[in-house]
Amino acid sequence: MKAMILAAGKGTRMQPLTLTTPKPLLEAGGKSLIEHQLDRIKLAGIREVVINIAYLGEQIRERIGDGRAYGLSIQYSVEPEPLETAGAIAHALPLLGEAPFLLLNGDVWCEFPLEQLCQHALNTSLGRLLLVNNPTFKTHGDFSIDQNQLLGVLEQGEGYTYAGIALLSPALVADYPNKRKIFALREVFDAAIAKGLLSAEVYRGDWRDIGTVERLQELRNDLS
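Residues numbered from 1 in each chain as written. Predicted model: local features only at pLDDT ≥ 70, side-chain atom pairs only at ≥ 80, totals over all residues. Heavy atoms only, no water.

(A) Region of the structure containing the pattern of salt bridges. In the structure shown here, the tally under the stated rule is 15 salt bridges. Taking the shortest distance from any N to any O, the salt bridge between R63 and E27 comes out at 2.7 Å. Pair noted here: R63 is in helix α2 (residues 57-64) and E27 is in strand β2 (residues 27-28), with a separation of 36 residues, a long-range link. You can call R63 partly exposed: its relative accessible area is 35%. The residue R63 makes a salt bridge to E35 at a minimum N-O spacing of 3.1 Å. Of the two residues, R63 is situated in helix α2 and E35 in helix α1 (residues 33-43); the sequence distance between them amounts to 28 residues. When salt bridges that share partners are traced, they join E27, E35 and R63 into one network. (Salt bridge = Lys/Arg side-chain N within 4 Å of Asp/Glu carboxyl O. Helix = DSSP H or I, 4+ residues; strand = E, 2+ residues; numbered from the N terminus. Buried < 20%, exposed > 50% of the residue type's maximum accessible area, 1.4 Å probe, protein only.)

As structure tokens, this is what we get:
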């Protein structure tokens, strides 16, 4: 199994820090955010990683290299411009292959044991998403989940927030009929949900969206 880390965004909410440093390279606890992700990927037993890069991407490639320093093999999917989440996967499909892969947003901190997700058999489904309780800065969730762990589009109520971590079949994006250069995973998820092809599980441990300077500082304080 391979993993893919989404690391091409501009991180505009993190300015001025991200004016000169890509968000995945911002540090907390003595390591960059992306290095914490690499550590967890290795703990899950995965050795091959694809990282998409665009904005200030060469800094990520120079810092992380080919992955040998982390006991991993890393390839880079270089984008001429940020292609959004689904566009990034579509662009990286030649590197990902045909087997299910683990997808992680480069700007989340999460102590969920990734191997638990990796051990799930997709069978006839196209993916399994990790959900979390809605954080304090977000009162309305992304999805609902039923008693059979199937995802639903949230129509009312609080629901759950997508954690930015998922086990996906490449076919989810490769066979999407409205595939184009730049498009987001949310529309792909919604299309698969309508066909009952996405499942999920809820994690109630430590998860954080490191999307602002304040949240990064909170993580730094806690890790110190």
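More follows now that the structure is in view.
(B) Molecular detail of the pairing of strand β11 (residues 161-168). Among the 8 residues of β11, 8 are classified as buried, and the element is accordingly described as predominantly covered. Relative to β11, strand β6 (residues 101-105) is paired through 4 bridges, and the arrangement is antiparallel. Paired with L103 across the bridge in β11 is A166. Alignment of strand β8 (residues 127-132) against β11, held across 5 bridges, turns out to be antiparallel. Residue pairing for β11: L129 is matched across the bridge by A166. (Pairing = 2+ DSSP bridges.)

(C) Local environment of the nonpolar core. Of all hydrophobic cores here, the largest spans 34 residues; its most connected members are I51, I60, I64, L102 and I165. Aside from chain neighbours lying at most four places away, what touches I60 is A7, P22, P24, L25, I34, I51, I53, G65 and Y76. Residues L6, A88, L129 and L172 belong to the second largest nonpolar core, which totals 31 residues. (Core = buried A, V, L, I, M, F, W, Y, C linked by side-chain atoms within 4.5 Å. Contact = heavy atoms within 4.5 Å.)

(D) Representation of the environment of L185 within the structure. Along the chain, the position of L185 falls in helix α6 (residues 185-194). Put simply, L185 and R40 are 145 residues apart on the chain and 23 Å apart in space, counted from C-alpha to C-alpha. Ignoring any residue separated from it by four or fewer positions in sequence, one finds L185 in contact with T85, A86, I89, L103, L172 and V173.

(E) Seen up close, the sheet that holds strand β1 (residues 2-6). Ordered in space as β5-β4-β1-β6-β11-β8-β12, the 7 strands form an open sheet in which the pairing is mixed. Both outer strands of the open sheet, β5 (73-78) and β12 (198-203), are each paired with one neighbouring strand and no more. Strand-to-strand twist of the sheet, defined as the mean angle between neighbouring strand axes without regard to direction, takes the value 25 degrees. In terms of strand pairing, strand β4 (residues 48-53) meets β5 through 6 bridges, oriented parallel. Its bridge partner lying in β5, V50 is registered against Q75. Sitting on the sheet, helix α3 (residues 84-96) is in contact with β1, β4, β5, β6 and β11, with an inclination near 145 degrees to β1. Across the sheet, α6 is in contact with β6, β8, β11 and β12; its angle to β12 comes to roughly 115 degrees. (Axes fitted to C-alpha atoms, helices over the stretch in contact; angles between N-to-C directions.)

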